[in-house]
Amino acid sequence: MTLWFVFALMTVAAIFAVLWPLSRRGRADTGGSEVVVYRDQLAEIDRDMAAGIIGAAEADAARIEISRRLLAAADQSEHEAPVPGSLSLRRTAAIVALVGLPVIASGFYLALGSPRLGDFPLAERSRVADANQPLTNLVAQVEAHLEKNPTDGRGWTVLAPVLSRLGRYDDAVRAYRNAITYAGDSADRRADLGEALMGAAGGVVTADAKAEFERSVALNGDDAKANYFLGLAAEQDGRKADAAAIWQKMMAKAPSDAPWRPLVQAALVRVGGVSAPALPDGAVAAAKDMSEADRGTMIQSMVDRLATRLKTNGDDVEGWLRLVRAYLVMGQRDKALSALADARQAVANDADRLRQLNEGLKSLGLDG
């Protein structure tokens with residue numbers, strides 16, 4: 001109501017601005033006002049001459065000039081009679097302004113506005129924009145938006161992972177497919193689609209999911225998610241050696257701080273592809289009572305001793321492979337590659353040991 005009251009005041013002000021000039025009567029025409037002025041000037045010249053202010057010659061010259069202007073003004077007054085104002089015309093203009101302005105404004109509003117739109121108070125607007133409302137409500141709003149705008153690729157891209165998080169895998173699959181269609185294909189979207197298909201199948205890497213992971217790897221051979229699930233597909237098919245080969249290759253290429261390293265390490269241990277550095281029997285018993293930090297320190301010292309021994313006895317191919325494997329398990333890829341180079345240099349003159357070393361490195365996912 002306040003808004004409409006303001007609009008009404010604005011309308012009244014506009015009408016008043018138009019009607020005020022029309023309501024004022026025109027000033028009475030002065031007709032020969034210029035003639036009167038010139039006559040006064042002639043009388044003033046006579047007074048000045050009588051008082052001795054000006055001389056006779058100056059007075060005559062002034063009279064001639066003022067008389068000339070007086071005749072011109074009198075002639076103009078005769079030819080230009082004042083036009084009287086029309087009261088009826090002013091009343092007509094006032095009525096048109098009083099009635100026409102609101103009618104025209106209403107016509108524009110009905111054509112361009114939304115008169116039937118309900119009130120949308122500030123509280124309601126704040127509630128719609130509240131990011132703290134339940135996730136399901138936000139998802140419902142995005143879904144409503146996408147029903148009206150089905151080609152909004154960005155909307156599908158935002159919605160898809162949220163649906164996966166909520167366990168709505170079938171809807172997530174549809175959202176990922178629409179994201180690929182309307183936002184473009186990518187390795188990440190293909191891998192996410194494959195993961196959603198797995199979720200819909202209860203964690204099984206189905207043929208459709210595997211196909212998506214393969215498409216992801218075709219777009220980006222280093223996509224971690226796609227490669228991991230391709231290894232999982234091999235494990236589920238009973239091909240543990242193939243799974244280990246995929247995961248070992250991932251570990252060989254991965255930076256030491258890759259967040260998914262523990263997951264892949266656990267998977268390799270599960271399929272027997274890589275085990276933790278072996279501990280002597282006495283060390284195993286002692287390690288049971290150690291904290292995780294102390295156990296890691298002990299294992300590191302054992303690996304360091306192995307590296308020191310191999311520098312003096314480089315013919316131990318199995319020792320080199322254990323060292324490289326230990327560095328990979330511990331996430332020390334740079335040291336693993338350095339040990340690999342030292343191992344090849346140590347057995348470079350022995351063809352059989354070099355072949356054995358290269359075969360062992362291949363099993364670790366390193367180029368032999």
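On a predicted model such as this, the values are computed, not experimentally measured, just so you know.

Observations regarding the overall build of the protein chain
Phase 1: When helices and strands are counted, the protein chain shows 18 helices and 0 strands.
Phase 2: Counting only residues that meet the buried cut, the protein chain has 28% of its 368 residues in that class.
Phase 3: Residue pairs in contact within the protein chain that sit at least 24 positions apart in sequence constitute 48% of those at least 6 positions apart.
Phase 4: Total accessible area computed for the protein chain in this model is approximately 23600 Å², and 57% of it derives from carbon and sulfur atoms.

Describing the packing of helix α9 (residues 187-200) against helix α10 (residues 207-219)
Phase 1: Running from amino to carboxyl end, α9 crosses α10 at an angle of 165°, the nearest separation of the two axes being 8 Å. Here α9 is positioned roughly antiparallel relative to α10, judged by the angle of their axes. Regarding α9 and α10, the two cross each other, and that crossing is left-handed. Residues Ala187, Arg190, Ala191, Leu193, Gly194, Glu195, Leu197 and Met198 of α9 pack against Asp208, Ala209, Glu212, Phe213, Arg215, Ser216 and Leu219 of α10.
Phase 2: Taken together, the residues that form the contact of α9 with α10 break down as 8 nonpolar, 2 polar and 5 charged.

Re α9
Phase 1: The terminal C-alpha atoms of α9 lie 20 Å apart, and with 14 residues this matches the ideal 20 Å at 1.5 Å per residue to within 8%.
Phase 2: Of all 14 residues that make up α9, 10 are buried, and the element is covered over most of its length.
Phase 3: Of all the residues in α9, the buried ones are Ala187, Arg189, Arg190, Ala191, Asp192, Leu193, Gly194, Ala196, Leu197 and Met198.
Phase 4: Residues of α9 that are buried in the fold lie against α7 (153-165), α8 (169-183), α10 and α11 (224-236).
Phase 5: The first or second residue beyond α9 is Gly202, which carries a positive phi of 75°.

Here we look at the pattern of salt bridges
Any two side chains of opposite charge can pair, given that their charged atoms come close.
Phase 1: This model, assessed by the stated rule, comprises 13 salt bridges.
Phase 2: Across the pair Arg168 and Glu143 runs a salt bridge whose closest N-O atoms are separated by 2.6 Å. Taken together, the residues span a long stretch of sequence, with Arg168 in the loop between α7 and α8 and Glu143 in helix α6 (residues 135-148) at a distance of 25 residues.
Phase 3: Among the residues examined, Arg168 registers a relative accessible area of 29% and is labelled partly exposed.
Phase 4: For Glu143, a relative accessible area of 24% corresponds to the partly exposed category.
Phase 5: For Arg239, the salt bridge identified is with Asp242, shortest N-O distance 2.9 Å.
Phase 6: Judged by its relative accessible area of 33%, Arg239 falls in the partly exposed class.

With respect to the confidence of the model for the protein chain
Phase 1: Across the protein chain, the average pLDDT comes to 77, with 71% of residues at 70 or higher.
Phase 2: Confidence drops under a pLDDT of 50 for residues 124-129, and excluding neighbours within four residues, the segment shows 5 contacts in the predicted structure.

Things to note about the environment of Leu42
Phase 1: Along the polypeptide, Leu42 turns up in helix α2 (residues 33-50).
Phase 2: Through-space distance from the C-alpha of Leu42 to that of Ser67 is 8.0 Å; in sequence the pair is 25 residues apart.

Structural notes on the side chain of Arg261
Phase 1: With respect to the secondary-structure elements, Arg261 resides in helix α13 (residues 261-271).
Phase 2: You can call Arg261 buried: its relative accessible area is 3%.
Phase 3: A polar side-chain atom of Arg261 sits 3.5 Å from the main-chain carbonyl oxygen of Pro255.
Phase 4: Setting aside its immediate chain neighbours within four residues, Arg261 contacts Met251, Ala254, Pro255, Ser256, Leu328 and Gly331.

Topic: the side chain of Arg189
Phase 1: Along the chain, Arg189 falls in helix α9.
Phase 2: Beyond its immediate chain neighbours, meaning those up to four positions away, Arg189 contacts Thr157, Tyr176, Ala179, Ile180, Ala183 and Gly184.

Digging into the packing of helix α16 (residues 317-329) against helix α17 (residues 333-346)
Phase 1: The geometry of α16 relative to α17 is characterised by a closest axis approach of 8 Å and an angle of 170° between their N-to-C directions. Taken together, the axes of α16 and α17 are roughly antiparallel relative to one another. α16 and α17 meet at a crossing whose hand is left-handed. Contacts between α16 and α17 involve Trp320, Leu323, Val324, Tyr327 and Leu328 on the former and, on the latter, Arg333, Lys335, Ala336, Ala339, Leu340, Asp342, Ala343 and Ala346.
Phase 2: In the contact of α16 with α17, the residues fall into 10 nonpolar, no polar and 3 charged.

What about the packing of aromatic side chains?
Phase 1: This structure, assessed with the given rule, holds 3 aromatic pairs.
Phase 2: Arranged with centres 5.1 Å apart and planes meeting at 20°, the rings of Phe213 and Phe229 form a pair that is stacked. With Phe213 in helix α10 and Phe229 in helix α11, this residue pair connects regions lying 16 residues apart in the sequence. Of the two residues examined, Phe213 and Phe229, each falls in the buried class.
Phase 3: A ring pair is formed by Tyr228 and Trp247, whose centres lie 5.6 Å apart and whose planes are at 25°; its orientation type is stacked.

Some details on the environment of Ala172
Phase 1: Structurally, Ala172 can be placed in helix α8.
Phase 2: A relative accessible area of 0% places Ala172 in the buried class.
Phase 3: Taking the C-alpha atoms as reference points, Ala172 and Asp192, separated by 20 residues in sequence, lie 9.4 Å from one another.
Phase 4: Other than its neighbours up to four places away in sequence, Ala172 contacts Ala160, Leu163, Ser164 and Ala196.

Rules used throughout
Residue numbers restart at each chain and count upward from 1, following the sequence in its written direction. Confidence filtering applies because this is a predicted model: local features only for residues at pLDDT of at least 70, side-chain atom pairs given and counted only at 80 or more, and all residues used for totals across whole chains, interfaces and linings. To get the side-chain values, take all heavy atoms of the structure and skip hydrogens and water. Secondary structure elements are taken from DSSP: a helix is a run of H or I of four residues or more, a strand is a run of E of two residues or more, and numbering for both begins at the N terminus. For every residue, the accessible area obtained with a 1.4 Å probe (protein chains only) is divided by the maximum for its type, and the residue is called buried under 20%, exposed over 50%, and partly exposed between those limits. We call two residues in contact when some of their heavy atoms are within 4.5 Å. Using a 1.4 Å probe, accessible areas were evaluated by the Shrake-Rupley method; residue-level cover was limited to the displayed protein chains. For helices, the fitted line uses only the C-alpha atoms of the stretch in contact; every axis is such a line through C-alpha atoms, and the angle between N-to-C directions lies from 0 to 180 degrees. Each angle receives one of four descriptions, namely roughly parallel if under 35 degrees, roughly antiparallel if over 145, roughly perpendicular if within 65 to 115, and oblique otherwise. In this scheme, a crossing is called left-handed if the near helix is turned counterclockwise away from the far one by less than a right angle; it is called right-handed if the turn is clockwise. Only Asp, Glu, Lys and Arg are considered charged, only Ala, Val, Leu, Ile, Met, Phe, Trp, Tyr, Cys and Pro nonpolar, and every remaining residue, Gly among them, polar. The length a helix should cover is 1.5 Å for every residue beyond the first. Each salt bridge in this description consists of a side-chain nitrogen of Lys or Arg and a carboxyl oxygen of Asp or Glu lying within 4 Å of one another. The quantity called pLDDT is the predictor's confidence in a given residue, expressed from 0 to 100. A 3.5 Å cut-off defines polar contacts: any pair of N or O atoms within that distance qualifies, except that in protein one atom must be a possible hydrogen donor and the other a possible acceptor, and neighbouring residues in sequence count only when both atoms are side-chain atoms. Two rings from Phe, Tyr or Trp (for Trp, the six-membered ring) form a pair when their centres sit within 6.5 Å of each other. Planes less than 30 degrees apart are called stacked, planes more than 60 degrees apart edge-to-face, and all others tilted.

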